[in-house]
Amino acid sequence: MHTLTCLRIIRVLIDCHEVVVNQLDCLFCAGIGKIISACGDKCLYRMCEHVDSGVCRHRRRCTHYELCIKHCHIRKQAVINQRVLDTFGLIGDDCKTADIIVISVGQPRKPGQTRLDMLDDSVRMLRDVCSHLKPLNYQGIVITITNPADIIADFTRKSLGLPRERCFSTGTLLDTARLKRTISELSGVDRRSLTTCSLGEHGNSSLIPFSSTTIGGRDYTALRRQDPVRYGKLDEDLILERTRQIGNEIIEGKGSTEFGIGAALADMVKCILRDEHRVLPASVLLQGEYGQQDLHAGVPCVIGRDGIEDIIELPLNAAEQQAFEETCTVIHTHIARAAKVAAEA
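Cut-offs and rules
- Residues numbered from 1 in each chain as written.
- Predicted model: local features only at pLDDT ≥ 70, side-chain atom pairs only at ≥ 80, totals over all residues.
- Heavy atoms only, no water.
- Helix = DSSP H or I, 4+ residues; strand = E, 2+ residues; numbered from the N terminus.
- Contact = heavy atoms within 4.5 Å.
- Areas by Shrake-Rupley, 256 points an atom, 1.4 Å probe, with all protein chains shown as cover.
- Core = buried A, V, L, I, M, F, W, Y, C linked by side-chain atoms within 4.5 Å.
- Buried < 20%, exposed > 50% of the residue type's maximum accessible area, 1.4 Å probe, protein only.
- Salt bridge = Lys/Arg side-chain N within 4 Å of Asp/Glu carboxyl O.
- Phe/Tyr/Trp six-rings, centres within 6.5 Å; stacked < 30°, edge-to-face > 60°.
- Axes fitted to C-alpha atoms, helices over the stretch in contact; angles between N-to-C directions.
- Parallel < 35°, antiparallel > 145°, perpendicular 65-115°, else oblique.
- Left-handed = near helix turned anticlockwise from the far one by under 90°.
- Nonpolar A, V, L, I, M, F, W, Y, C, P; charged D, E, K, R; others polar.
- 1 Å grid on protein atoms, 1.4 Å probe; cavity = no way out; pocket = protein on both sides within 12 Å on 5 of 7 lines; lining within 4 Å.
- Points joined across faces, edges and corners; volume = space filled by probe spheres on them.
- Pairing = 2+ DSSP bridges.
- Right-handed = clockwise from strand over helix to strand, strands pointing away.

1. Digging into the overall build of the protein chain
Along the protein chain, the regular secondary structure elements total eleven helices and 13 strands. At a minimum sequence separation of 6, the contacts of the protein chain that also span at least 24 residues come to 69%. Total accessible area on the protein chain stands at roughly 14,900 Å², and carbon and sulfur atoms take up 51% of it.

This is the structure:
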């Protein structure tokens with residue numbers, strides 16, 4: 001591992017069996033496409049002073065993305081370089097010594113498509129990526145943002161043989177950001193004063209543990225009773241529906257949700273590289289937590305320099321526990337589906 005002043009991330013993207021690699025000597029990078037450029041922009045804005053990005057395909061288009069990011073950070077004195085790499089053979093040393101590998105291979109989600117609908121294509125692409133990463137005996141941290149998030153995190157961890165502390169997904173971190181925004185808009189309270197998170201699948205079966213939700217340290221259900229004028233709009237069904245559906249609305253309207261996942265990933269990367277020991281939702285392997293075994297699901301975790309340090313088990317009421325079991329059943333079913341797809345010739 002490098003020191004905190006010289007950290008590197010490799011971002012791997014397979015595009016028609018070609019490789020896009022982004023490496024940074026201090027923190028992050030940007031490359032081809034909306035998702036990569038948004039993630040690079042967010043990390044660069046928060047943490048970086050130097051960026052070295054590798055690209056291989058659509059070189060002209062990537063240059064324009066890079067130029068746009070340079071203009072965004074004119075005051076940061078950030079250095080953004082472009083490096084061309086064409087095959088996995090050229091990136092072995094880079095990946096092997098990287099502190100974090102972020103995998104985002106996958107097709108864009110289309111209007112009307114669920115994240116689970118993307119499973120087959122994503123697994124086939126990840127199978128190829130992992131076949132090249134496995135021989136490197138990588139000792140860093142792998143974060144996946146490919147959908148369906150929980151199933152892909154599980155598939156990647158198994159394929160690379162990594163412990164759960166070092167291979168996980170952003171999971172419900174983005175869902176939680178949308179959840180807090182919804183509650184903030186309905187209550188008029190700044191989202192930084194809210195304590196809550198989304199659990200389970202990063203998708204349509206996610207749940208919200210309202211019994212553990214607080215506003216300014218106060219129980220949210222009690223606030224609804226005490227001050228119905230201000231907090232009466234906090235309808236649980238509405239909040240859950242908005243948390244689940246905001247992403248679909250964004251895709252219908254503009255085609256992608258790159259800014260949200262970019263901010264979520266940047267927050268997680270910052271938490272790791274600055275060793276913040278902060279609680280964030282992540283899709284991590286459960287081994288008895290919440291009564292679940294052998295699957296990845298979004299739960300609050302303490303995250304620091306070595307990855308997942310602890311899993312926080314929130315006290316769920318009976319209805320919430322049932323909802324968590326249902327979302328885990330969805331994930332289990334699709335993990336089995338992923339194994340069958342991966343076994344295909």
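2. Here's the deal with the nonpolar core
Judged by nonpolar contacts, the single largest core of 59 residues is most densely connected at Ile143, Ile272, Ile303 and Phe324. Looking at this core, the element that brings in the most residues is helix H10 (residues 258-273), giving eight residues. Those residues in contact with Ile303 that lie beyond four places of it in its chain are Met268, Cys271, Ile272, Glu276, His277, Arg278, Leu280, Ala282, Ile308 and Glu309. With 13 residues, the next largest nonpolar core counts Leu179, Phe210, Tyr231 and Ile239 among its residues.

3. Details of the pattern of salt bridges
Scanning all chains against the criterion turns up 13 salt bridges. The salt bridge partner of Arg157 is Asp154, with a shortest N-O separation of 3.1 Å. Residue Arg157 and its partner Asp154 are both found in helix H5 (residues 149-160); the two are separated by three residues, about one turn of the helix. Accessibility expressed as a relative area gives 11% for Arg157, which makes it buried.

4. Digging into the packing of aromatic side chains
The tally for this structure, following the rule as stated, stands at two aromatic pairs. Residues Tyr290 and Phe324 carry aromatic rings whose centres are separated by 5.0 Å and whose planes lie at 35° to one another, so their mutual orientation is tilted. Here Tyr290, found in the loop between strand E11 (278-287) and strand E12 (293-304), pairs with Phe324, found in helix H11 (residues 318-343); they are 34 residues apart in sequence, far enough to count as distant. By relative accessible area, Tyr290 is classed as buried at 5%.

5. Section: the packing of helix H4 (residues 119-133) against H5
It is the contact of H4 with H5, at a shortest axis distance of 10 Å, that shows an interaxial angle of 25°. As judged from the angle between their axes, H4 and H5 are roughly parallel. Read as a crossing pair, H4 and H5 show a hand that is right-handed. Residues Leu119, Ser122, Val123, Leu126, Arg127, Cys130 and Leu133 of H4 touch H5, and the partners they reach there are Ile151, Ile152, Phe155, Thr156, Ser159 and Leu160. When its residues are assigned to classes, the contact of H4 with H5 shows nine nonpolar, three polar and one charged.

6. A short note on the layout of surface pockets
Of the voids in this model, the second largest pocket is the one considered here, and its volume is about 700 Å³. Those elements that place two or more of their residues in the lining of the second largest pocket are helix H6 (173-187), strand E8 (194-195), H10 and E11. Counting residues per element, the lining of the second largest pocket draws most heavily on H6, which supplies five residues. Of the residues belonging to the lining of the second largest pocket, the class tally is 14 nonpolar, five polar and six charged.

7. What about the pairing of strand E6 (residues 141-144)?
Judged by which residues are buried, E6 turns out to be covered on both faces: Ile141 and Ile143 on one side and Val142 and Thr144 on the other are all buried. With four bridges joining them, strand E5 (residues 100-103) and E6 adopt parallel strand pairing. Opposite Ile101, over in E6, you have Val142 as the bridge partner. For the crossover that starts at E5, traverses H4 and ends in the parallel E6, the hand is right-handed.

8. Re the packing of H5 against H11
The interhelical angle for the contact between H5 and H11, taken along N-to-C directions, is 50°, at an axis separation of 9 Å. As judged from the angle between their axes, H5 and H11 are oblique. Every pair of crossing elements has a handedness; the one defined by H5 and H11 is right-handed. Of the residues in H11, those in contact with Asp150, Ile151, Asp154, Phe155 and Lys158 of H5 are Ile331, His334, Ile335, Ala338 and Ala342. Across the contact of H5 with H11, the residue classes tally to six nonpolar, one polar and three charged.

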